[in-house]
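A closer look at the structure
So the chains spell out like this:
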Amino acid sequence: MRTLILSEKGGVGKSFVSANVIASAMYVSTKKKVKLCEVDASNFTTVFYSKSQIVDGETIQIQLGARKVRDDEFMAFLESDSTVEDTVDEKNIYAEVENAINTIIQNGYQVVDVGANATVVFRDTLIRKELLKYFQYIFLVSSSNVNEIAMAVKNYEILTENNYPQDRIFFVVNKYTDAIRSKLEKFDYINDDNLIKIREMAEYNTRIMPAKVTIMDVINTYKEEELRRELDKAIREMKTDEIEKISNRIDLLNKAKLFYYNNDFKKLVNMFKGGVK
């Protein structure tokens, strides 16, 4: 099973969702380490998962036509009947992305996290080369910003117009609160069945990323009882620094458990267990 995670806007928590939500749910459903691939021109988030117990991460770097087009080339293009796709750099970009997609398929990556600057060309290459069939689920990630949600909806429309099954596309809204529920009502395509709600995104991200682990690693590695015994000992011995460190770890564990057991996460686990119908 292979899932694709897309967002045209950077900084919305897409890489967080890829590892801590999608890969974690897949791990729970299969009990096997998950192969995660990041496709990006400049971001290398997978380094944070190098010590993860559940994610085997790798980055495929793509240049996206880094060569600067000269002014005379641009003027010649404007005066011609060519489309953007006809330019040499554009052809190179699509060829590069197609190679990346073939590598993903051949190497059996299960979770594919596409950088914001590569999302459009990656999506369009999948459509043009009829490669969408190799991705069983697609997750469109945004924050609670209305414009970002609108971008996700636009991607949904493009994908479904090109015959990708509607029931395999999910909207993931980070920093979701009851306050933004009304914002979502204006988008006809978003409903409870295809919406994954992620709360406290920023807090999870800042606590977990520097530790080079995922939420599932926290759950698997630390036992709450052992941490509480460590805390009791630190309090008895008046070790202030240790008290703060252990308290933070307990706090992180509690938040991870809250996330792990929420209904949306359970929904994904069951979906991955069942496979594609």
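A short tour of the structure in this document, coming up. Keep in mind that this is a model prediction, so the values were computed, not measured. (Residues numbered from 1 in each chain as written. Predicted model: local features only at pLDDT ≥ 70, side-chain atom pairs only at ≥ 80, totals over all residues. Heavy atoms only, no water.)

**Quick look at helix 11 (residues 263-274)**
Rule in force here: The helix count covers DSSP runs of H or I at least four residues long, the strand count covers runs of E at least two residues long, and both are numbered beginning at the N terminus. The span you would expect from a helix comes to 1.5 Å times its residue count less one. Each residue is assigned to one of three classes by its accessible area relative to the maximum for its type, calculated with a 1.4 Å probe on protein chains only: buried under 20%, partly exposed between the two thresholds, exposed over 50%. Arc, as used here, means the arc of the directions from the helix axis to the C-beta atoms.
Helix length check: helix 11, at 12 residues, gives a terminal C-alpha distance of 16 Å against a target of 16 Å (1.5 Å per residue), a fit within 8%. Buried residues of helix 11: D264, F265, L268, V269, M271 and F272, and no others. For helix 11, the buried positions fall inside an angular range of 165 degrees around the axis, keeping them on one side. Those residues of helix 11 that are exposed and aimed more than 90 degrees away from the buried face are N263, N270 and K273. G275, located one to two residues past helix 11, shows a positive phi value of around 75 degrees.

**A few points about the pattern of salt bridges**
The condition is simple: In what follows, salt bridge is the name for a side-chain nitrogen of Lys or Arg lying within 4 Å of a carboxyl oxygen of Asp or Glu.
Overall, the coordinates contain 7 salt bridges when judged by the stated rule. For the salt bridge of K197 with D264, the shortest nitrogen-to-oxygen distance reads 3.5 Å. Here D264 lies in helix 11 and K197 lies in strand 7 (residues 195-197), a separation of 67 residues in the sequence. Residue classification places D264 among the buried positions, given a relative accessible area of 9%. Sharing partners across several salt bridges, the network here consists of E8, R123 and D124.

**Things to note about unusual backbone geometry**
Backbone geometry places K31, a non-glycine residue, at a positive phi of 60 degrees. Note that K31 resides in the loop between helix 1 (14-30) and strand 2 (34-40). Residue classification places K31 among the exposed positions, given a relative accessible area of 59%.

Just geometry here; none of it tells us what the structure is for.
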